[in-house]
Amino acid sequence: MDHKPATIAVHAGRPAHEPDQPLNVPITMASTYVAGGDKEYGRYTNDSWVAFEEALGRLEGGRALSFSSGLAAVATLLDLVNDSVVVATEQSYLGTIGQLADLEARGRLTARLADFSDTDAVVRLLEKLDGEVALVWIETPTNPGMQLADLPAIIAAAHKAGARVVVDNTFATPLLQQPLALGADIVIHSATKFIAGHSDVVMGAAVVSDDALWDVLKARRDLLGAIPGPFEAWLALRGIRTLHLRVERSAANAAELAERLAAHPAVAEVRYPGFGGMLAVVLPTAEQADFLTHATSLWVHATSLGGVESTFERRRRWKTESATVPDGLVRMSVGVEDVDDLWADLEQALGRLER
């Protein structure tokens, strides 16, 4: 029977419904298994990972692999590229941009960064690179500019150029966007963020629809040792159980706050893609943006996102952030608190900017 995402989030990856079975997969704390079976060693598999991978894979419509972090998943994928071009969103996550720059400096690949909100320009670039490009790396919405990409059009152009397509689905989650269903080859997540959802896990994941590609990535993960801890996997799976509730609440809060922020005279621009729990505001100066992020009591000045608590930061405080990001842009991860309390906290800080 086909189930809706909320039902999958609650039920996937659980033990069989048999007498005396626990409702949740126990944490398997094992580095070594008795020889002669399929497991052999703790770097190859763990029941806690497998349960998490089943749940996330079903939500994304593919087969999942868990990793020690989102960047470990990124590194494993980029490790497959050799002497080829990777076309990536120019406002991709800083860690992704950093890995591309490092590999390019070592002669492993050529990185071409582009504005993926300009579909025609990206398609023309891919036509120009026909046969040279190995991967097209898409973030939508982008981190932190909140730009959107036309996934079907860009995926089709990438495949025509002979490239595989990776979509970072961390911001949207599989509840709001399923790139594999649109033709993408690989979906990645920083499971640290919305998937786990409680700011207590560092973990990543990749999801594919092709079994042969899954085998390749599994072999690379085994070789590189980029595996999560059993407890982290257990916590991330527990986070998935309430993913639909958290995303629904944070998205409703974000939509309401975007509307209120757009009407506030201290805010120059609001960037909200129309879905999800992430948005950005642009204030006229970096100094004003810094003031905002230090003048609240509920909103937490922090660099991560996707937790139950609301966090924000001025992204250009990081020297390696893209120059295309305005100095006064504040990325906001909207939590599940009462929206009126969140607004009151922002409103008092913005009001002090006007004085």
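Note that this is a predicted model, so its numbers are computed, not measured. (Residues numbered from 1 in each chain as written. Predicted model: local features only at pLDDT ≥ 70, side-chain atom pairs only at ≥ 80, totals over all residues. Heavy atoms only, no water.)

### A closer look at the packing of aromatic side chains
Counting across every chain of the model gives 3 aromatic pairs. Measuring from centroid to centroid gives 6.1 Å for Phe231 and Trp234, while their planes differ by 10 degrees, and the two rings are stacked. In this pair, Phe231 and Trp234 are both assigned in helix H9 (residues 230-241), 3 residues apart and thus about one turn of the helix distant. Ring plane angle 35 degrees and centroid distance 5.3 Å describe the contact between Trp299 and Phe312, whose orientation is recorded as tilted. Highlighted residues: Trp299 in the loop between helix H11 (286-293) and strand E10 (300-301) and Phe312 in strand E11 (residues 311-314), separated in sequence by 13 residues. Here Trp299 falls in the buried class, since its relative accessible area comes to 2%. Residue Phe312 is classed as buried on the basis of its relative accessible area, which comes to 0%. If you follow Arg63 out to its NZ or CZ, it ends over the ring of Trp214, 3.7 Å from the centre. Taking NZ or CZ as reference, Lys193 lies 5.8 Å from the ring centre of Tyr93, over its face. (Phe/Tyr/Trp six-rings, centres within 6.5 Å; stacked < 30°, edge-to-face > 60°. Helix = DSSP H or I, 4+ residues; strand = E, 2+ residues; numbered from the N terminus. Buried < 20%, exposed > 50% of the residue type's maximum accessible area, 1.4 Å probe, protein only. Lys NZ or Arg CZ within 6 Å of the ring centre and 35° of its normal.)

### With respect to the domain arrangement of the chain
Here the chain is described as being made up of domain 1 (5-241) and domain 2 (243-354). Distance between the C-alpha centres of domain 1 and domain 2: 26 Å. With 29 residues of domain 1 in contact, the opposing surface of domain 2 contributes 28 residues. Both sides of the domain 1 and domain 2 interface together cover about 2500 Å² of buried area, and 69% of this is carbon and sulfur. On the domain 1 side of the interface with domain 2, the three residues burying the most area are Leu94, Pro144 and Phe194, jointly 27% of the side's total. Along the contact surface separating domain 1 from domain 2 lie 0 salt bridges. Between domain 1 and domain 2 we count 10 residue pairs in polar contact (both at pLDDT 80 or more) in total. Within the residue set of the side of domain 1 that touches domain 2, elements represented by two or more residues are helix H1 (5-11), helix H7 (173-176) and H9. When grouped by side-chain class, the residues that make up the side of domain 1 that touches domain 2 number 17 nonpolar, 9 polar and 3 charged. (Domains from an automatic or database assignment. Contact = heavy atoms within 4.5 Å. Buried area = accessible area lost by both parts, 1.4 Å probe. Salt bridge = Lys/Arg side-chain N within 4 Å of Asp/Glu carboxyl O. Polar contact = N/O pair within 3.5 Å; in protein donor to acceptor, adjacent residues only side chain to side chain. Nonpolar A, V, L, I, M, F, W, Y, C, P; charged D, E, K, R; others polar.)

### With respect to the pattern of salt bridges
Tallied over the entire structure, the rule returns 16 salt bridges. With its nearest N and O atoms 2.8 Å apart, the salt bridge here joins Asp222 to Lys218. Placement of both Asp222 and Lys218 in helix H8 (residues 211-224) is noted, with a separation of 4 residues, approximately one turn of the helix. Glu313 is the salt-bridge partner of Arg317, the closest N and O atoms lying 2.9 Å from each other. Relative accessible area serves as the criterion here: at 0%, Glu313 is assigned to the buried category. Residues joined by salt bridges that share partners form a network here, namely Glu313, Arg315, Arg317, Glu321 and Arg331.

### Observations concerning the pairing of strand E5 (residues 164-168)
Most of E5 sits out of view: 4 of its 5 residues are buried. Here 5 bridges tie strand E4 (residues 133-139) to E5, and the two strands are oriented parallel to one another. Paired with Ile138 across the strands is Val167, a residue of E5. As a crossover connection, the stretch from E4 through helix H6 (residues 151-160) into E5 is right-handed. (Pairing = 2+ DSSP bridges. Right-handed = clockwise from strand over helix to strand, strands pointing away.)

### Describing the environment of Ile27
Tracing the backbone shows Ile27 in the loop between H1 and helix H2 (47-60). Note: C-alpha distance between Ile27 and Asn46 (19 residues apart in sequence) is 9.0 Å.

### Some thoughts on the UniProt feature "modified residue: N6-(pyridoxal phosphate)lysine" (unreviewed entry) in the chain
UniProt's feature table lists "modified residue: N6-(pyridoxal phosphate)lysine" (unreviewed entry) at Lys193, given in the numbering used throughout. Residue Lys193 is classed as buried on the basis of its relative accessible area, which comes to 12%. Setting aside residues no more than four positions away along its own chain, Lys193 makes contact with Thr170, Ser304, Leu305 and Gly306. Within the structure, Lys193 has its side chain in polar contact with the side chain of Ser190 (distance 2.9 Å). (UniProt positions renumbered as here; feature names shortened; annotations may be inferred.)

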